[in-house]
Amino acid sequence: MEDEEENHDGVRAYFPLSFGKQSKSQTPLEAIHNTTLRSQTPNPNPKHTDDLVIGPPLPPLPPPPAADDEDDDEPLVGPPPPPRVGAEVVSSLAVDPTGSRVLSGSYDYTIRMYDFQGMKRDLSSFRQLEPSEGHQVRAISWSPTAGFFLCVTGSAQAKIYDRDGLTIGEFVKGDMYIRDLKNTKGHITGLTCGEWHPNKKETILTSSEDGSLRIWDVNDFTSQKQVIKPKLARPGRVAVTTCTWQREGKSIAGGIGDGSIQIWNIKAGWGSRPDIHLQSAHSDDITALKFSNDGRHLISRSFDCTLKVWDLRQMKQPLKVFEDLPNNYAQTNIAFSPEEDLILTGTSVERDSAVGGLLCFYDREKLELVSRVGISPTRSVVQCAWHPKLNQVFATVGDKHQGGTHILYDPTMSERGALVCVARAPRTKSVDDFEPELPMTGPGCGGRTGTSSGSLLTQYLLKKGGMLKETWMDEDPREAILKHAEAAEKDPKFIAPAYAETQPQTVFADSDSEEEK
């Protein structure tokens with residue numbers, strides 16, 4: 001009986017336990033979030049002992065990549081970062097007001113477009129653009145309606161694209177031989193920054209290395225609306241390194257290459273004379289300016305490794321200067337939290353330094369450091385943004401070899417955005433995705449048998465049986481031509497008939513060489 005039971009169990013093992021379509025096992029969403037949960041790092045500021053949540057949780061520091069690793073595929077938080085957004089540093093970032101699409105530009109001259117609704121867990125872009133061949137992407141800005149975006153590159157002409165990446169127009173370039181910049185129709189040298197008007201969908205602002213700021217109307221790409229020439233200590237041209245709008249569009253701020261900050265109030269009859277002029281605001285080029293929404297503060301970031309907070313009511317001295325913030329990129333920006341109680345900025349990686357790229361958070365009211373978040377151990381943090389609707393922090397990183405974008409989110413506090421695609425696994429390739437190779441024509445190569453006028457099977461069998469031989473590869477080409485010499489002499493068809501009357505007897509040239517005689 002025991003032997004029969006063992007045989008019965010052995011046979012039963014070969015039969016399925018159930019029939020019909022089986023559901024695939026899925027990883028719980030909570031488990032996916034737990035795999036990317038960052039460990040808590042010690043608070044760099046001992047004064048802050050409260051459990052203050054800085055938006056998303058802190059991402060873990062990834063291990064340094066191998067020497068032959070060219071892709072920035074190490075996930076930091078939530079979904080992994082887009083697989084290699086650029087071959088170099090990601091210099092610009094823009095998230096549309098609805099939070100559904102993300103644009104990133106790089107020093108590799110390309111813009112990549114991402115759609116959270118259509119992305120899988122691998123976060124691959126759905127479109128890649130090259131606005132201006134050979135020019136770095138320096139700034140991207142969405143329109144207030146999120147239907148278009150502005151692209152600023154190292155060329156003298158800004159471009160407008162629609163939401164799907166189709167070119168709408170390109171602004172005109174000015175005449176470089178006209179010395180007075182107010183008489184040119186556009187910028188004459190490379191652009192440095194650009195931003196769409198916060199409220200008007202037809203107005204944009206650009207700054208350039210030619211030393212001017214220009215206001216444009218997107219309905220007319222042939223000429224600008226206003227030319228602004230900053231005030232300089234001595235005549236000449238000094239580059240305008242950055243520019244920005246005030247929230248309501250009533251003021252414009254520009255960072256000048258001489259370290260000064262100039263602000264113009266847009267009013268009737270206004271011109272190039274600034275309403276506020278801060279000389280020597282920074283000791284080096286200014287990389288970013290940012291107005292607070294309440295109109296009280298202006299934040300500036302510079303190559304001099306500082307971040308300064310200015311009171312717009314009293315601009316003689318900064319309210320606070322935050323130092324020891326390395327900055328090696330001209331696009332290093334500033335961002336606010338949704339409630340504007342925190343100020344964000346990134347830091348660059350210095351040579352022979354063990355500190356990686358950091359994202360620093362500062363309290364706007366107390367004017368003190370709140371936290372430093374490690375983003376990448378080997379790459380600099382350039383652009384950052386905290387989207388108010390998504391409650392997610394975006395940070396772009398890179399160096400001269402690799403670049404990427406990281407998304408920091410909280411599974412319970414964030415909405416949509418990365419949460420939409422974090423649990424959406426990439427589509428696996430099926431048999432229908434692979435197309436068969438077309439049959440070869442002519443002689444075979446690479447281990448494949450070529451085709452002929454007959455069928456492939458017939459040709460193969462004739463070759464194997466010795467009935468079909470290809471002798472042209474073993475034949476002497478000179479002998480193959482000379483075997484037709486006798487027939488060509490008896491019945492000439494081409495050259496000989498042309499000389500039949502004028503030169504019936506062929507006359508050859510006499511050789512002067514003694515060796516040929």
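Figured I'd write up the structure that's included with this text. What you see is a predicted model; the values in this text were computed from it and never measured.

When a protein is soluble and globular, its nonpolar side chains tend to lie buried together. Membership of the largest hydrophobic core comes to 15 residues, with the highest contact counts inside it found for Leu 344, Leu 359, Phe 361 and Ile 375. Mapped by element, the contributors of at least two residues to this core are strand S22 (342–346), strand S23 (357–363), strand S24 (368–376), strand S25 (380–387) and strand S26 (392–398).

Looking now at unusual backbone geometry. Not every positive phi belongs to a glycine, and Ala 146 is a case in point at roughly 65°. Checked against the element boundaries, Ala 146 lands in the loop between strand S5 (137–142) and strand S6 (148–153). Residue Ala 146 is classed as buried on the basis of its relative accessible area, which comes to 5%.

A separate point is the sheet that holds S26. One open sheet accounts for 3 strands, arranged S25-S26-S27; its pairing is antiparallel. Strands at the two margins of the open sheet, each flanked by one partner only, are S25 and strand S27 (403–408). In this sheet, adjacent strand axes meet at a mean angle of 20° when their direction is disregarded. Pairing between S26 and S27: 6 bridges, direction antiparallel.

Per the stated rule, a full pass over the model turns up 8 aromatic pairs. On the numbers, 6.4 Å between centres and 50° between planes, the contact of Phe 116 with Phe 394 is tilted. With a gap of 278 residues between them, Phe 116 in the loop between strand S3 (111–115) and strand S4 (127–129) and Phe 394 in strand S26 connect regions that are remote in the sequence. Residues Phe 116 and Phe 394 agree in their burial class; the two are buried.

A few words now on the pairing of strand S15 (residues 261–265). Of all 5 residues that make up S15, 4 are buried, and the element is covered over most of its length. In the sheet, strand S14 (residues 251–256) pairs with S15 via 5 bridges, with the strands oriented antiparallel. Across the sheet, Gly 255 pairs through a bridge with Ile 261, a residue of S15. Hairpin connection of S14 to S15: 4 residues between the antiparallel strands, including Gly 259 at a positive phi of 90°. With 3 bridges connecting them, S15 and strand S16 (residues 276–278) associate as antiparallel partners. In the sheet register, Gln 262 faces S16, and the bridge partner there is His 277.

Here we come to the sheet that holds S6. Taking strand neighbours across the sheet as the criterion, the 4 strands line up as S5-S6-S7-S8 in an open arrangement whose pairing is antiparallel. Sheet topology places S5 and strand S8 (167–170) at the edges, where each strand pairs with a single neighbour. Adjacent strand axes in the sheet meet at a mean angle of 20°, parallel and antiparallel pairs treated alike. Direction of pairing for strand S7 (residues 159–162) relative to S8: antiparallel, over a ladder of 3 bridges.

Attention now moves to the pattern of salt bridges. Pairing is possible between side chains of opposite charge, provided their charged atoms come close. Scanning all chains against the criterion turns up 13 salt bridges. Measuring nitrogen to oxygen at the nearest pair gives 3.7 Å for the salt bridge that ties Arg 296 to Glu 365. In this pair, Arg 296 sits in the loop between strand S17 (286–291) and strand S18 (297–302) while Glu 365 sits in the loop between S23 and S24, placing the two residues 69 residues apart along the sequence. You can call Glu 365 exposed: its relative accessible area is 52%. As a salt-bridge pair, Arg 364 and Glu 340 come within 3.4 Å of each other at their nearest N and O atoms.

So, how was this worked out
Residues numbered from 1 in each chain as written. Predicted model: local features only at pLDDT ≥ 70, side-chain atom pairs only at ≥ 80, totals over all residues. Heavy atoms only, no water. Core = buried A, V, L, I, M, F, W, Y, C linked by side-chain atoms within 4.5 Å. Buried < 20%, exposed > 50% of the residue type's maximum accessible area, 1.4 Å probe, protein only. Helix = DSSP H or I, 4+ residues; strand = E, 2+ residues; numbered from the N terminus. Pairing = 2+ DSSP bridges. Axes fitted to C-alpha atoms, helices over the stretch in contact; angles between N-to-C directions. Phe/Tyr/Trp six-rings, centres within 6.5 Å; stacked < 30°, edge-to-face > 60°. Salt bridge = Lys/Arg side-chain N within 4 Å of Asp/Glu carboxyl O.

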